[in-house]
Amino acid sequence: MVRPIHNIVIVGGGTAGWLTAGVIAARHQGRMKTGFTVTLVESPSIGIIGVGEGTWPTMRATLEKIGVSETDFFRECDSAFKQGAKFARWTTGAADDAYYHPLMLPQGFTQLNLAPHWLGGGGGDRTFCDAVCPQGALCDDGLAPKMITTPEYQAVANYAYHLDAGKFAPFLQKHCTQKLGVRHVLADVESVIQAENGDIASIRTKQAGEIPGDLFVDCSGFSALLLGKTLGVGFKDCSDVLFCDTALAVQVPYERASDPIASHTISTAQSAGWIWDIGLPTRRGTGYVYSSRHSSEDAAHEELARYVGPRIKELSVRKIPIRSGHRELFWKNNCVAVGLAAGFLEPLEASAIVLVELSAKLISEQMPANREVMDIVAARFNEVTGYRWGRIIDFLKLHYVLTKRTDSRFWIDNVDPASVPDRLKNLLHLWKYRSPWFFDEFDRLEEVFPAASYQYVLYGMGFRTEVEPEDNEGTQSMAARLISENATLTRQLRAKLPKNRDLLQKIFDHGLQPI
Amino acid sequence: MTNVVILNSQLHRTLRVQAGASARFGDDRRFVQVIANEFPLLAIHYPVFFAKDADTGAFYCGAMLGFDEGENLFLEEGRPQSAYRPLNLQRGPFYTAGNELAVDLDSPRMDGEAGEALFTPAGEPTAYLESIKAAMRELRDGLERTKIFIDTLMTLKLIEPVNIKVGFDDGTKRDVVGLYTISQDALRGLPDADVLELFRRGYLHLIYLMIASLKQVPVLAQKKNRRILAQSESLGLARL
Ligand SMILES: Cc1cc2nc3c(=O)[nH]c(=O)nc-3n(C[C@H](O)[C@H](O)[C@H](O)COP(=O)(O)OP(=O)(O)OC[C@H]3O[C@@H](n4cnc5c(N)ncnc54)[C@H](O)[C@@H]3O)c2cc1C
């Protein structure tokens, strides 16, 4: 007998749970009439992690698809614009050592790779980022990536968000339950009932009894209740590659209500890790992610205090242990894990929430019609998701292996070849002689980090690809044209875009138009 | 500079205002905000669109008077304008402040003896001033009503962006962006109940006036083209 997949049960009501619920429910709205259900079960006592405030530009499409108004999202989640990340002191550790990883592609990226031309001197004395893209200059100027007349979700310069994680989950909850027909059950899962083949038949809760389902999505956070605890899928530890295992988080108020809001994440390297700094309209979210093998908590606290300033005494610092790694499988039987239950890597490039979005999208698009085909879908999901985790690990490690810092064990240990994944080693070797471009390396349809991201980090950190001048000859004039077009665009955007805080205030006062 | 003060029959008894249309007085505008009541008068001369306020992003209705910054193709210097003149231009240097009428004393419309008197020697408002007061009242209520009209259309998703591209005989092209109009596809797809509601509120009429006014775009382009030709002819003559 063919068993159709009709009842989706999501365990966990954090960012991962509600995003997954929204994406699935929006995609399968039409089937709701015929008995398709999405149920989200969430513990009333175990809180959500409540951190994770930087996203990828994919979030725009995700929110639009689930039918959220961007204006509401800005107003209710204290959201702000993010145009990329600035990495300070990662290369040499000097006070003026910084580069941008912006969200716009280099000018003309699909037609020509500008990197070899810049390496050959075609960008003059500009940094790679400034030579090929306006966004570093926009961030320097504290400008917003659009105007009040730009419609919701549309951009003048590509952007993602900074948001208040404590407000995001409740915001999504309201939308999912009121607009998308998601059933919300506040109950603690106490045990799980499995069928003979190992499938999860139902979950037994303290407050709401037994809840059966056809497909279970494990969004239970670090506890990985279903995929880890029940189905016994192992955890692949990555702390030999990425050393950070502890975070100290603190929310810092602005000194004056008129203080500028940075429109990019600032990541400043420290002696045993790095400090994130995320500007919301109401406050800055900051925190030190460090390796406890390389620093004591007291020393880390001291470094964070030096960054935040004396006010840290009045603020509450929260310690969050983190474990680098991911599940060996992400989908087993009729259970798929999303979010922290699937794994976690240090939040260096805000890759967690984007992976949640990509996973939720994959599940909803590939939603198995019945139990019989589910294993095929699961195998594909595992393959794609495994690839993505591997790529993210490589990309995060890239930020470390290019450092020239030798001022602490942390940085010295990070360049130890034994800690570098083989694939990354090979790529670095390859990139000595050929710069990454979208053709040759990054062929996946939904690559988490495009080749452009690798370019920005590589050349931002002073990596040199050897280029033969002859190789550039045929495309020299086109490169010169693209670089000069970028200079013009930069000038135009700097003249017309408003200050980040001013636009956020306007969105609060007047809203953005949907068209 | 502006110097806006509340109008006072004592202080401003002898004030005169040049009410006519002229670039000198600030009629040199490419686009001017209008209200829904004006649509019947406007639509036979001007294309009427929605546009966004640069400061708030809010939609408003406006009449298109030209293609370039500061270009009002309906101005006929030295002669009274033949086309209906939008209230926002008719109002000249006047503003409303609360319930009072205010006037910009620094407006170029008020530099001297010429023009319309505001008060009789006895201090009574003149017919001109009464007409201004009426226009200001109409504008104020009309803006509110037009906003509700726009909100209704937005809710029904009846507004869509339109891109106007025109070429002129001197070889130049214009690409006018930032304008919006009625989506005729969305209109056709509207449920019966919504159509009836639009009709009962008088909105269907306004909608069709806006759609009809699109036909004024090529007329406006011809007007500009004639100017371009006239200009190049006079240049040609000068060279002879
Ligand atoms: C320090 C730090 C910084 C980060 N920064 C970023 C960032 O900048 N960008 C980014 O993309 N990501 C970031 N992340 C990751 C991001 O926070 C998470 O990926 C995201 O919040 C998803 O969390 P979650 O929903 O999986 O888990 P949680 O928020 O932990 O939610 C778990 C849910 O499971 C429920 N639950 C648990 N047990 C039970 C039970 N027995 N019965 C019922 N319900 C149960 C809980 O009630 C809760 O609702 C960061 C993470 C950390 C730790």
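Refer to the structure above for everything that follows.
Structural notes, computed from the coordinates. (Residues numbered from 1 in each chain as written. Chains lettered and ligands numbered in written order. Predicted model: local features only at pLDDT ≥ 70, side-chain atom pairs only at ≥ 80, totals over all residues. Heavy atoms only, no water.)

Before going further, it helps to spend a moment on the overall build of chain B. Tallying secondary structure elements over chain B gives seven helices and ten strands in all. Its C-alpha atoms give chain B principal-axis dimensions of roughly 60 × 60 × 30 Å. Out of the 240 residues in chain B, the part that is buried amounts to 43%. Considering only residue pairs separated by 6 or more positions, chain B has 72% of its internal contacts joining residues 24 or more positions apart. When the 28 basic and 31 acidic side-chain charges of chain B are each reduced to a single mean position, those positions are 3 Å apart. (Helix = DSSP H or I, 4+ residues; strand = E, 2+ residues; numbered from the N terminus. Buried < 20%, exposed > 50% of the residue type's maximum accessible area, 1.4 Å probe, protein only. Contact = heavy atoms within 4.5 Å. Lys, Arg positive; Asp, Glu negative; His and termini not counted. Charge placed at Lys NZ, Arg CZ, Asp CG, Glu CD.)

As a further point, take the environment of B:A36. Residues and elements named next belong to chain B. Positionally, A36 belongs in the loop between β3 (31-33) and α1 (39-42). A sequence separation of 42 residues divides A36 from G78, and the C-alpha atoms of the two residues are 30 Å apart. Not counting residues up to four positions away in its chain, the partners in contact with A36 are T146 and L206.

What follows is about the nonpolar core. A:I8, A:L63, A:W90, A:F168 and A:L398 are the most contacted members of the largest nonpolar core, which totals 167 residues. With twelve residues, helix α11 (residues 371-401) of chain A is the single largest residue contributor to this core. Excluding anything up to four places from it in sequence, A:F168 contacts A:T15, A:L19, A:M59, A:L63, A:F73, A:C77 and A:L163. Counting 67 residues, the second largest nonpolar core, distinct from the first, contains B:F39, B:A135, B:M136 and B:I228. (Core = buried A, V, L, I, M, F, W, Y, C linked by side-chain atoms within 4.5 Å.)

Residue and element names in this part refer to chain A. Taken together, 31 residues lie around the ligand, and G13, I46, V51, G54 and I353 are the ones closest in. Contact between the ligand and G54: a nitrogen atom at 2.8 Å from a main-chain N or O atom of the residue. Contact between the ligand and A352: an oxygen atom at 3.4 Å from a main-chain N or O atom of the residue. In isolation the ligand offers 1,000 Å² of accessible surface; the protein chains occlude 96% of this area. Of all the secondary-structure elements, those providing two or more residues to the shell around the ligand are α1 (15-27) and α10 (351-365). Looking at side-chain class alone, the shell around the ligand contains 18 nonpolar, ten polar and three charged residues. (Near = heavy atom within 4 Å. Polar contact = N/O pair within 3.5 Å; in protein donor to acceptor, adjacent residues only side chain to side chain. Areas by Shrake-Rupley, 256 points an atom, 1.4 Å probe, with all protein chains shown as cover. Nonpolar A, V, L, I, M, F, W, Y, C, P; charged D, E, K, R; others polar.)

What follows is about the packing of helix α3 (residues 127-155) of chain B against helix α6 (residues 203-213) of chain B. Residues and elements named next belong to chain B. Contact geometry of α3 with α6 gives a least axis separation of 12 Å together with a crossing angle of 85°. Comparing their axes, α6 and α3 come out roughly perpendicular. Residues R145, I148, F149, T152 and L153 of α3 form the contact with α6, whose participating residues are Y203, L206, I207 and M210. Of the residues that constitute the contact of α3 with α6, the class distribution is seven nonpolar, one polar and one charged. (Axes fitted to C-alpha atoms, helices over the stretch in contact; angles between N-to-C directions. Parallel < 35°, antiparallel > 145°, perpendicular 65-115°, else oblique.)

What follows deals with the pattern of salt bridges. A full pass over the atoms with the stated rule returns 30 salt bridges over all chains. With a shortest N-O distance of 3.2 Å, A:D259 and A:R256 are connected by a salt bridge. Residue A:E485 pairs with A:R481 through a salt bridge whose shortest N-O separation is 2.9 Å. Remark: A:R481 and A:E485 occur in helix α16 (residues 476-496); sequence separation between them is four residues, near one turn of the helix. The class of A:R481 is partly exposed, set by a relative accessible area of 42%. Salt bridges here are not isolated pairs; linked through shared partners, they connect B:D68, B:E71, B:R174 and B:K224. (Salt bridge = Lys/Arg side-chain N within 4 Å of Asp/Glu carboxyl O.)

On to the interface of chain B and chain A, then. Listed by partner, the interface residues are twelve residues for chain B and ten residues for chain A. Summed over both partners, the interface of chain B with chain A buries about 800 Å², with 60% contributed by carbon and sulfur atoms. Where chain B meets chain A, there are one salt bridge. The shortest N-O distance in the salt bridge between A:K506 and B:D55 comes to 2.8 Å. Linking chain B with chain A are four residue pairs in polar contact (both at pLDDT 80 or more). (Buried area = accessible area lost by both parts, 1.4 Å probe.)

Structurally, B:N225 can be placed in helix α7 (residues 216-239). Leave out the neighbours within four places in its chain, and B:N225 touches B:F168 and B:D169.

We now examine unusual backbone geometry. Despite not being glycine, A:R89 has its phi angle at roughly 65°, a positive value. The phi dihedral of B:K157 falls on the positive side, at around 55°, and the residue is not glycine. Following the sequence through the fold, B:K157 ends up in the loop between α3 and β9 (159-167). In this structure B:K157 comes out as exposed when scored by relative accessible area, which is 65%.

Once that is clear, we can look at the sheet that holds strand β15 (residues 273-279) of chain A. All names here are of chain A. Reading across the sheet, the seven strands line up as β5-β4-β14-β15-β16-β13-β17 and stay open at both edges, with mixed pairing between neighbours. Two strands bound the open sheet, and with one partner strand each, they are β5 (98-102) and β17 (318-321). Looking at each pair of strands side by side, their axes are set apart by 20° on average, direction ignored. Taken together, the four bridges between strand β14 (residues 265-269) and β15 define a ladder with antiparallel strand orientation. Following the sheet pairing, T268 is matched in β15 by I275. Where helix α9 (residues 297-308) meets the sheet, its contacts fall on β13 (246-253), β14, β15, β16 (283-290) and β17, and the angle it forms with β16 comes to roughly 150°. (Pairing = 2+ DSSP bridges.)

This paragraph deals with the pairing of strand β4 (residues 48-52) of chain B. Residue and element names in this part refer to chain B. Of all five residues in β4, five are buried; the element is thus mostly enclosed. Residues of β4 alternate between two faces, with V48, F50 and K52 on one and F49 and A51 on the opposite face, all of them buried. Between the antiparallel neighbours β4 and strand β5 (residues 59-64) lie six residues, among them G57 with a positive phi of about 80°. Bridge count between β4 and strand β10 (residues 173-182): two bridges; the pairing is antiparallel. The residue of β10 that forms the bridge with A51 is L179.

A separate point is the packing of α11(A) against helix α13 (residues 422-431) of chain A. Residues and elements named next belong to chain A. One can describe the packing of α11 onto α13 by two numbers: an axis separation of 10 Å at closest approach and a directional angle of 60°. Classified by the interaxial angle, the pair formed by α11 and α13 is oblique. Here α11 and α13 pass one another in a crossing that is right-handed. Contacts between α11 and α13 involve Y387, G390, R391, D394, K397, L398 and V401 from the former and R423, L424, L428 and W431 from the latter. Residue classes in the contact of α11 with α13 are distributed as six nonpolar, one polar and four charged. (Left-handed = near helix turned anticlockwise from the far one by under 90°.)

Attention now goes to α11(A). The end-to-end C-alpha separation of α11(A) is 45 Å, in line with the 45 Å expected for 31 residues at 1.5 Å each. A side-chain oxygen of the first residue of α11(A) lies 3.0 Å from the backbone nitrogen of A:E372; this N-cap is A:N370. (Expected span 1.5 Å × (residues − 1).)

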